[in-house]
Amino acid sequence: AVGPKLFQYVVKVIVQAVQLLYTMLRINQPSYILLQNPPGLPSIAVAWVACLFWRSKLIIDWHNYGYTIMSLTHGRNHPIVQIAKWYEKLSGRLSDYNLCVTNAMKEDLWVNCNIKAVTLYDKPASYFKETPLELQHHLYMKLAKDYEPFKPRYVSSAERSAFTEMDGKSGHVIKTKGRPALLISSTSWTEDEDFSVLLKALEDYEQYINEGVKLPSLVCVITGKGPLKDYYNRLISKLHFKHIQICTPWLEAEDYPLLLGSADLGVCLHKSSSGLDLPMKVVDMFGCCLPVCAIYFECLHELVKHNENGLIFSNSNELAEQLKMLLLGFPTLEGKLHNFRKNLRASKQLRWDESWDQTVLPLLG
C-alpha cells in the first residue's frame, strides 16, 4: 500500500498477471480454458495468451461485469472503473465461446460488446435438496451447542431442539408444537446487499405480533462471511425483540445445504451490480424446494416467478407484509407458503451436470 491508489492498482494487476501466466504455462496442455468473469482483470488477457501458447480454445463464463462491481465502491465515473469497463469489453471479444447466466446478459453482451453468448442458467448441485426430519434434528442439536436460537424453549426429558424432539424410547423425531418459523438468508456481506431492509421488516413483523396478529416467533439465520458483517452485527445487537431471534453463524460446508433444506422460508437481498446476473443463493434454495422472498431487480423474473415459487419485494414494508401473509397461522395453515413449496417440488428442475450436458456439450461439438 505505497503511493497513489491508481499506482497500487497497476502494480497489483501486473503482479497478478505474471503469477497467473507463470502458473498457466506450467499445467498440462488443455483443449479448453474455461474462465469465469468476474474477475476478468487481468485473467481474460492472461488466459488468452495461455491459449495462444497451448493452441487451446478460450471459453468465458460471464456471471457479471467486473467494472460494475468496482463501481459500487468507486462510482461509475471513476477512471479505474472506466478503464476496467474498456478492458472487459475489448478483451471479452478474444474468446472462442461465451456462456452467460441470463438472457438479459446475453442480449447486453451482443448489443454493447458485439459478443455472442449462450445462456447457461446456474443450477443447484445434487446435494441441495429437502432435508429428512431425522437429519434436521441432528443438525439443530449440533447448532444448539453454539447458537442460542436453536436451543429448546424449555427443559424436557426428550432430546429436544427449538424445532424438533426425539422420543428416547422409539427414536422417532417429530416437530415441536408451537415451534418458531425458520427464516434463512445467506450473504457475502458486501455493498450489493442491504440487510437493513430485512432488519426493518423484522421490526414491523414484531409489531404485528404485538398488535395481536397470529404469527409464529421467528428464528432468522443469516450465514456467510464478508467485510460488512461486523457493521450489521452491531446493528443487530441494538435490536431488542421478544419474538424474533437473529444469529449470523459461519456454517461448515456440509451443513449449509442441510439448513437450507430444513428452513421454512428464504430471503434474498442480492441486488445485481449490473442488473444482469441472478443470485446463486436463490438457485440453491430452489434446489431445496425452499420458497423465497427476493428483492426486485431487472432480470430477477428469469428465476423467481412472483406468486408461483416465491415473492418479489421492493422495500422493507413490502417484505414485512409478505412475511405476515406467508406465516399467518404457521405451521398448521396450509397457505401460499405450502403452495410455493408444492410448485417447486413439481417443477423437477435440472441439476448442474444435466444442464451442462444439454447446453455446453453441443456447443463444443
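Residues numbered from 1 in each chain as written. Predicted model: local features only at pLDDT ≥ 70, side-chain atom pairs only at ≥ 80, totals over all residues. Heavy atoms only, no water.

(A) How the structure looks around the sheet that holds strand S9 (residues 218–223). Across the sheet, six strands lie side by side as S10-S9-S8-S11-S12-S13; this open sheet has parallel pairing. Of all the strands in the sheet, the pair left with one neighbour each is strand S10 (244–247) and strand S13 (310–313). The sheet shows a mean angle of 20° between the axes of neighbouring strands, taken without regard to direction. One ladder, built from six bridges, connects strand S8 (residues 181–186) with S9; its direction is parallel. Paired with Leu183 across the bridge in S9 is Cys220. (Pairing = 2+ DSSP bridges. Helix = DSSP H or I, 4+ residues; strand = E, 2+ residues; numbered from the N terminus. Axes fitted to C-alpha atoms, helices over the stretch in contact; angles between N-to-C directions.)

(B) Seen up close, the UniProt feature "domain: Glycosyl transferase family" (unreviewed entry) in the chain. Here, the residues flagged by UniProt with the feature "domain: Glycosyl transferase family" (unreviewed entry) are residues 178–328. Measuring from the first to the last C-alpha atom of residues 178–328 gives 13 Å, for a span that is 33% helix and 19% strand. (UniProt positions renumbered as here; feature names shortened; annotations may be inferred.)

(C) Quick look at the packing of aromatic side chains. Scanning all chains against the criterion turns up 13 aromatic pairs. Between Tyr65 and Tyr67, the aromatic rings sit 5.7 Å apart at their centres with planes inclined by 15°, giving stacked as the arrangement. Here Tyr65 and Tyr67 have matching classes, each one buried. Ring pairs connect the aromatic residues Trp189, Phe195, Tyr231 and Tyr232, which therefore count as one cluster. Above the ring of Trp250, the side-chain terminus of Lys225 is found at 4.7 Å from the ring centroid. Taking NZ or CZ as reference, Lys324 lies 4.3 Å from the ring centre of Tyr208, over its face. (Phe/Tyr/Trp six-rings, centres within 6.5 Å; stacked < 30°, edge-to-face > 60°. Buried < 20%, exposed > 50% of the residue type's maximum accessible area, 1.4 Å probe, protein only. Lys NZ or Arg CZ within 6 Å of the ring centre and 35° of its normal.)

(D) Local environment of the packing of helix H11 (residues 316–327) against helix H12 (residues 336–347). Where H11 meets H12, the closest approach of the two axes is 7 Å, and the angle between their N-to-C directions is 85°. One element, H11, and the other, H12, form an angle in the roughly perpendicular class. In this structure, H11 uses Met325, Leu326 and Leu327 to contact H12, whose residues at the interface are Lys336, Leu337 and Phe340. (Parallel < 35°, antiparallel > 145°, perpendicular 65-115°, else oblique. Contact = heavy atoms within 4.5 Å.)

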